[in-house]
Amino acid sequence: VTAEKAGFDHFMLKEIHEQPRAYRDTMGSRISADGTQVTLNELTTLTPEAIREINRVHIVACGTAYHAGMVGKYIIEKMARIPVEIDVASEYRYRSPIITKDTLVIVVSQSGETADTLAALREAKRCGAHVLAITNVVGSSVAREADDMIVTLAGPEIAVASTKAYTSQLVAFYLFGLHLAQTLGTQTAAEIAETLAALKALPEQVEAILEQAEAIKGVAEEMAKHDNLFFIGRGLDYAVALEGSLKLKEISYIHSEAYAAGELKHGTLALIEEGVPVIALATQHELLEKTVSNIKEVKARGANVLGIAVEGELELQKSVDSTFVIPKTLDVLAPALSVVPLQLLSYYASLARGNDVDKPRNLAKSVTVE
Ligand code: G6P
């Protein structure tokens, strides 16, 4: 069993460490050798003509894949300027979504077997939508039934808490967003090349984060003593906050809430009292000042704030109690880095609490019933 875990204590830790490799494989031959183009040769029915017909995108998924979809929404709207809605699969079918033949429905599923996601896919197809699957399992039901698929090359994921599948889904969204931008002309060649260069730098940057795992262990052990904590962030940081919070709940059983930082004052701020840990994600430069002011709001009420910040943001570092620094990247790519310390935080918090990290109570790796 130790061999399967390649020397790591748990599958989750092994899978966290496989992310640089998963990034490289998922990008692989999909980026041209000169770094200027994305080539998604696997898209068959989603031709350039078909792409030009799309007037709305729906993203549907469950759990961690849903959180990847939240980042995907942001990417597609930013890069391709197509309106995107996102739903959890168990809600999608029951709200009479407006689906036409010009709707692209993207289903995201690590296993490709989640019952709710599969049912949403079938409903979308019944309504004539074009369905694209982002999945980690080529022969899965979702893969077979979708019109097109982008395979994430994360490799088999064993731990119930998803890590490398999530980050590989992010890479799939980046590539697809760029592919749309190329096809629709919504970004310049220079912008596309800049994003591709930054994408290619991610694997090494994740390696640099993993080298600091020990630093996170100490923070996690402290957090494991609390029963309640908060994640805050704005924009893409909010999407990552949701995933960080889910991860922590799944394996450490610590209750946490993720809040859009600006929304705290409309209720949740009442829960902040002396010593409550708050993890503030602050990687989005345009929103930095606003996030810092939200950090001050919680600090004023006694919160103990851990900031997740991009290298060099000293102003932010001054406003928090401690900081975990991630390497510089484009704002849009920050989730691909900032989630990694949160994965490690959950892992070490779970360990500190003596939980079964790879097999948390009540949860299954793949949920094939509705
Ligand atoms: C289960 C797992 C989650 C996962 C979700 C969706 O609840 O415990 O980790 O995110 O299913 O799974 P999928 O295979 O569709 O991505």
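Chains are numbered independently. Their residues run from 1 in the order of the written sequence. Only residues with pLDDT of 70 or above have their local features reported here, since the model is predicted, and side-chain atom pairs are shown and tallied only from 80 upward, although totals for entire chains, interfaces and linings are computed over all residues.

Taking an unreviewed UniProt entry as the reference, the chain is identified by name as Glutamine--fructose-6-phosphate aminotransferase [isomerizing] belonging to Paenibacillus aestuarii. UniProt positions are given in the numbering used here, feature names are shortened, and annotations may be inferred rather than shown by experiment. Under the heading Function (unreviewed entry), UniProt records this for the chain: "Catalyzes the first step in hexosamine metabolism, converting fructose-6P into glucosamine-6P using glutamine as a nitrogen source."

**A few points about the sheet that holds strand β7 (residues 255–260)**
For two strands to pair, DSSP has to find at least two bridges joining them. Runs of E in the DSSP output that reach at least two residues are strands. Runs of H or I that reach at least four are helices, and both are numbered from the N terminus. Taken in spatial order, the five strands make up an open sheet running β7-β6-β8-β9-β10, and their pairing is parallel. Taken across any chain shown, the strands that pair with only one partner, and hence form the sheet edges, are β7 and β10 (322–326). Recorded for the sheet is a direction-independent mean angle of 20 degrees between the axes of neighbouring strands. The sheet contact formed by strand β6 (residues 228–233) and strand β8 (residues 277–282) spans three bridges and is parallel. By the bridge assignment, F231 is partnered in β8 with I279. Across the sheet, helix α10 (residues 213–223) is in contact with β6, β8, β9 (304–310) and β10; its angle to β10 comes to roughly 140 degrees. Contacts between helix α12 (residues 288–300) and the sheet are confined to β6, β8 and β9, with β8 contributing the most and set at about 170 degrees to the helix. Here, axes are lines fitted to C-alpha atoms. For helices the fit covers the stretch in contact, and angles between N-to-C directions go from 0 to 180 degrees. The contact criterion used is a C-beta to C-beta distance within 7 Å, with each C-beta placed from the backbone.

**Description of the site of the ligand**
Using a C-beta atom placed from the backbone, a residue is scored as near a molecule or strand whenever that atom is within 6 Å of it. Within the structure, the ligand sits among 16 residues, and G63, S109, Q110, S111 and T114 are positioned closest to it. A per-class count over the shell around the ligand returns six nonpolar, nine polar and one charged. Classification used: nonpolar for Ala, Val, Leu, Ile, Met, Phe, Trp, Tyr, Cys and Pro, charged for Asp, Glu, Lys and Arg, polar for all others including Gly.

**A look at the sheet that holds strand β5 (residues 148–151)**
One open sheet holds the five strands; their spatial order is β2-β1-β3-β4-β5, and the pairing between them is parallel. For this open sheet the edge positions go to β2 (84–88) and β5, each flanked by a neighbour on one side alone. Each neighbouring strand pair of the sheet contributes to a mean axis angle of 20 degrees, computed without reference to strand direction. With six bridges joining them, strand β1 (residues 56–61) and strand β3 (residues 103–109) adopt parallel strand pairing. Of the residues in β3, the one forming a bridge with H58 is V105.

**Regarding helix α6 (residues 115–126)**
Compared with the 16 Å implied by 1.5 Å per residue over twelve residues, the 16 Å span of α6 between its first and last C-alpha is a close match. Of all the residues in α6, the buried ones are D116, T117, L118, A120, L121 and A124. A positive backbone phi angle near 90 degrees is found at G128, which sits one or two residues after α6. Multiplying 1.5 Å by the helix residue count minus one yields the expected span of that helix. Around each residue's C-beta, the other C-beta atoms within 10 Å are counted; 20 or more make the residue buried, 12 or fewer make it exposed, and counts in between make it partly exposed. All C-beta atoms are placed from the backbone.

**Some points on unusual backbone geometry**
Phi at Y253 takes a positive value of approximately 65 degrees, unusual for a residue other than glycine. Positive phi is not limited to glycine here, since N362 has a value of about 70 degrees. For N362, the location among the structural elements is in the segment after α14 (335–352).

**Observations concerning the pairing of β8**
When you tally the buried positions in β8, you get six out of six residues, the bulk of the element. Looking at chain direction, β8 and β9 are connected through six bridges and run parallel. Residue pairing for β9: P277 is matched across the bridge by N304.

**Focus on the environment of A50**
Of note, A50 is situated in helix α3 (residues 48–53). C-alpha separation for the pair A50 and H130, spaced 80 residues apart in sequence, amounts to 9.0 Å. When neighbours within four sequence positions are excluded, A50 is seen to be in contact with T45 and H130.

**Some points on the packing of α10 against α14**
Contact pair α10 / α14: the axes reach a minimum separation of 8 Å and the direction vectors enclose 50 degrees. By the angle between their directions, the pair α10 and α14 is classed as oblique. The two elements α10 and α14 cross, and the hand of that crossing is right-handed. Along the contact surface, α10 presents A213, I216, K217, V219, A220, E221 and M223, while α14 presents P341, L344, L345, Y348, A349 and A352. In terms of residue class, the contact of α10 with α14 is made up of eleven nonpolar, no polar and two charged. Any angle between 65 and 115 degrees counts as roughly perpendicular, while under 35 counts as roughly parallel, over 145 as roughly antiparallel, and the rest as oblique. In this scheme, a crossing is called left-handed if the near helix is turned counterclockwise away from the far one by less than a right angle; it is called right-handed if the turn is clockwise.

**Some words on the confidence of the model for the chain**
Should the pLDDT be low somewhere, the predicted coordinates at that spot are not to be read in detail. A residue's pLDDT is simply how confident the predictor is in it, with values from 0 to 100. Across the chain, pLDDT averages 96, with 99% of residues at or above 70. For this predicted complex, the interface score ipTM comes out at 0.98, alongside a pTM of 0.97.

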